[in-house]
Every structure is written in C-alpha cells, then in structure tokens.
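The primary structure of each chain is shown beneath.
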Amino acid sequence: MSTHTHRTRSHRNESDEFITIIGQDAEEVSRVYAKDGLAAKGFSILHRMGRHSFRLPEGSPLAAHLGPEPMVAATYMRRAGS
C-alpha cells in the first residue's frame, strides 16, 4: 500500500492538497483513510475509488512498490486553508 501527497497552486496563490491512497482492495484504502484521520483533517474523496493500473518511467524507484497487477486507488482533496 502507498500514499502520495500532491500540492497544486490555486488562483488565490494558496495550495489545495491531494492525497492518493493505493492498496490491494477498497477495505485497505478505507482503513488508511480512517487511520490517518483524513476526514477530521478536511479531506474528502475527489472521485470514486476504483481499480487502477500504474505505469512508471524506466528505473523509477516506485517500481519496487507497485507490481503489474491492478490495485485500488482513491484520491482525496482538501481546499487550501482548510
């Protein structure tokens, strides 16, 4: 399982935050969301959770963590200043 955080610049020069949780199944992703207290921190799901396949650049250190089989991923977001 893996968690990755993204930050993007909004029109107000503040950063919205994105967290993508990757796991073997929806239950694993949901457990991480709950364990990390993301709801209390203002994160809500950006798009529905679902099976994803991942492609990585050759030589990427992430390749050791992600196999060729599809995994479940969900991306959560909170607005800047939340």
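Above this text is the structure in question.
Now for a description of the structure that goes with this document. On a predicted model such as this, the values are computed, not experimentally measured, just so you know. Within any chain, residue numbers begin from 1 and follow the written order of that chain's sequence. Under the rules for a predicted model, residues below a pLDDT of 70 receive no local features and side-chain atom pairs below 80 are neither given nor counted, while totals for whole chains, interfaces and linings still include all residues. In computing side-chain values, all of the structure's heavy atoms are included and hydrogens and water are not.

**Describing the pattern of salt bridges**
Right, on to step 1. Salt bridge, as used here, is a side-chain nitrogen of Lys or Arg placed within 4 Å of a carboxyl oxygen of Asp or Glu. Enumeration over the complete set of coordinates arrives at 3 salt bridges.
Right, on to step 2. A salt bridge links Arg78 to Glu17, with the nearest nitrogen and oxygen atoms 2.9 Å apart. Taken as a pair, Arg78 in strand S5 (residues 71-78) and Glu17 in strand S2 (residues 15-23) lie far apart in primary sequence, 61 residues in all. Here Arg78 and Glu17 have matching classes, each one buried.
Right, on to step 3. Put simply, Asp36 and Lys35 hold a salt bridge, and the shortest N to O gap is 3.0 Å.
Right, on to step 4. For Lys35, a relative accessible area of 67% gives the class exposed. The helix and strand labels rest on DSSP assignments: H or I over at least four residues marks a helix, E over at least two residues marks a strand, and numbering proceeds from the N terminus. The rule is simple: take the accessible area with a 1.4 Å probe, protein chains only, and divide by the maximum for that residue type; under 20% is buried, over 50% is exposed, in between is partly exposed.

**Here's the deal with the pairing of S2**
Right, on to step 1. The buried count for S2 comes to 8 of 9 residues, which makes it a mostly enclosed element.
Right, on to step 2. Each pair of strands is called paired provided DSSP finds at least two bridges between the two strands. Taken together, the 7 bridges between S2 and S5 define a ladder with antiparallel strand orientation. Opposite Gly23, over in S5, you have Val72 as the bridge partner.

**So, the nonpolar core**
Right, on to step 1. Counting residues in each nonpolar core, the largest one holds 10 residues, listed as Ile19, Ile21, Val29, Val32, Tyr33, Leu38, Phe43, Val72, Ala74 and Tyr76.
Right, on to step 2. Residues are treated as being in contact if the distance between any of their heavy atoms lies within 4.5 Å. Those residues in contact with Tyr33 that sit more than four places away from it in its chain are Ile21, Leu38, Ala39, Phe43, Ser44 and Tyr76. Nonpolar cores were defined as sets of buried Ala, Val, Leu, Ile, Met, Phe, Trp, Tyr and Cys residues, with membership established by side-chain atoms within 4.5 Å.

**Some words on the environment of Arg78**
Right, on to step 1. Residue classification places Arg78 among the buried positions, given a relative accessible area of 17%.
Right, on to step 2. Spatially, the C-alpha atom of Arg78 lies 9.0 Å from that of Ile45, the residues being 33 residues apart in sequence.
Right, on to step 3. Excluding residues within four positions of it along the chain, Arg78 makes contact with Asp16, Glu17, Lys41, Gly42 and Phe43.
Right, on to step 4. Distance and chemistry together define a polar contact, namely a pair of N or O atoms within 3.5 Å, with one atom able to donate a hydrogen and the other to accept it when in protein, and with adjacent residues in sequence counting only for side-chain atoms on both sides. Within the structure, the side chain of Arg78 is placed 2.9 Å from the side chain of Glu17, a separation counted as a polar contact.
Right, on to step 5. At a separation of 2.6 Å, a polar atom in the side chain of Arg78 contacts the main-chain carbonyl oxygen of Lys41.

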